Every structure is written in structure tokens, then in C-alpha cells.
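# Geometric and topological summary
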Amino acid sequence: ATLKDIKDIEGDGAAGVRTLATVCGPVWGPRAIGLCVAIGHALVPLLLGRPLLWFVAIPCGVASYYFATRTPYHERYLFYVYFVSIIGYLLLYSTV
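Being a predicted model, the structure only gives us computed values, none of them experimental.

## Some thoughts on the packing of helix α4 (residues 54-69) against helix α5 (residues 75-95)
Two elements in contact, α4 and α5, have axes separated by 10 Å at closest approach and are oriented at 175°. As summarised for this structure, α4 and α5 are arranged roughly antiparallel, according to the angle between their axes. Where α4 approaches α5, its residues Phe55, Val56, Ala57, Cys60, Ala63, Ser64, Phe67 and Ala68 are matched on the opposing element by Tyr77, Leu78, Val81, Ser85, Gly88, Tyr89 and Leu92. In terms of residue class, the contact of α4 with α5 is made up of 12 nonpolar, three polar and no charged.

In C-alpha cells, the structure reads:
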């Protein structure tokens, strides 16, 4: 599931391309992708074994879900969240 699938649900559906967004539909597709992105943020502190990273993972996961399901959908906000999360993870990981 990629974030690009959200903005191209109609085009992918018309072309017969099966993505998570087209299979789940225009309402549940963005929700499913947003949930996958939020789970990805939650996996960072779990896999690295650094509890301090939850201070970045939780807000970034919630923000990612919000921006993935927001109407109208603007992909750039999700990239801002990614950028902030990478900086946050790096800063907190290096201090522990």
C-alpha cells in the first residue's frame, strides 16, 4: 500500500489495477492505507527497542492517519510528517 494509491483510486479502478485502495474502496481505502502507515510508525520503537522513540511514533502515526484520510487529500502533508519523523527518530535515537 502506497500513499500514491490514495489519489489515484479512480484511475486504478478504471484500469483494473488492484491496489489496497481500489479493493477497499474510496472510503475504506485511505483508512486502510493510513492504518498501515501508522502501524509502520509504531514498529520503529518496537523493532529498535527504544521506548523513547514512542514520543515521535505516536504523534507521527496519528498525523499520518489523519492526513491519509483527510478530504481533500494532499500528499505533501504526509511527506512533511515523514520528514519530521525521520529527524525526530534520529535525534532521539542518538541521545539514548
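Once you've had a look at it, read on.
## What to know about α5
Compared with the 30 Å implied by 1.5 Å per residue over 21 residues, the 31 Å span of α5 between its first and last C-alpha is a close match. Among the residues of α5, those classed as buried are Glu75, Leu78, Val81, Ser85, Gly88 and Tyr89. An end-on view of α5 places all buried positions within 140° of arc, on one side of the element. Away from its buried face by more than 90 degrees, α5 exposes Tyr80, Phe83, Val84, Leu90, Leu91, Ser94 and Thr95. Summarising the contacts, the buried residues of α5 are in contact with α1 (4-7), α3 (20-48) and α4.

Calculation notes
- Residues numbered from 1 in each chain as written.
- Predicted model: local features only at pLDDT ≥ 70, side-chain atom pairs only at ≥ 80, totals over all residues.
- Heavy atoms only, no water.
- Axes fitted to C-alpha atoms, helices over the stretch in contact; angles between N-to-C directions.
- Helix = DSSP H or I, 4+ residues; strand = E, 2+ residues; numbered from the N terminus.
- Parallel < 35°, antiparallel > 145°, perpendicular 65-115°, else oblique.
- Contact = heavy atoms within 4.5 Å.
- Nonpolar A, V, L, I, M, F, W, Y, C, P; charged D, E, K, R; others polar.
- Expected span 1.5 Å × (residues − 1).
- Buried < 20%, exposed > 50% of the residue type's maximum accessible area, 1.4 Å probe, protein only.
- Arc of directions from axis to C-beta.

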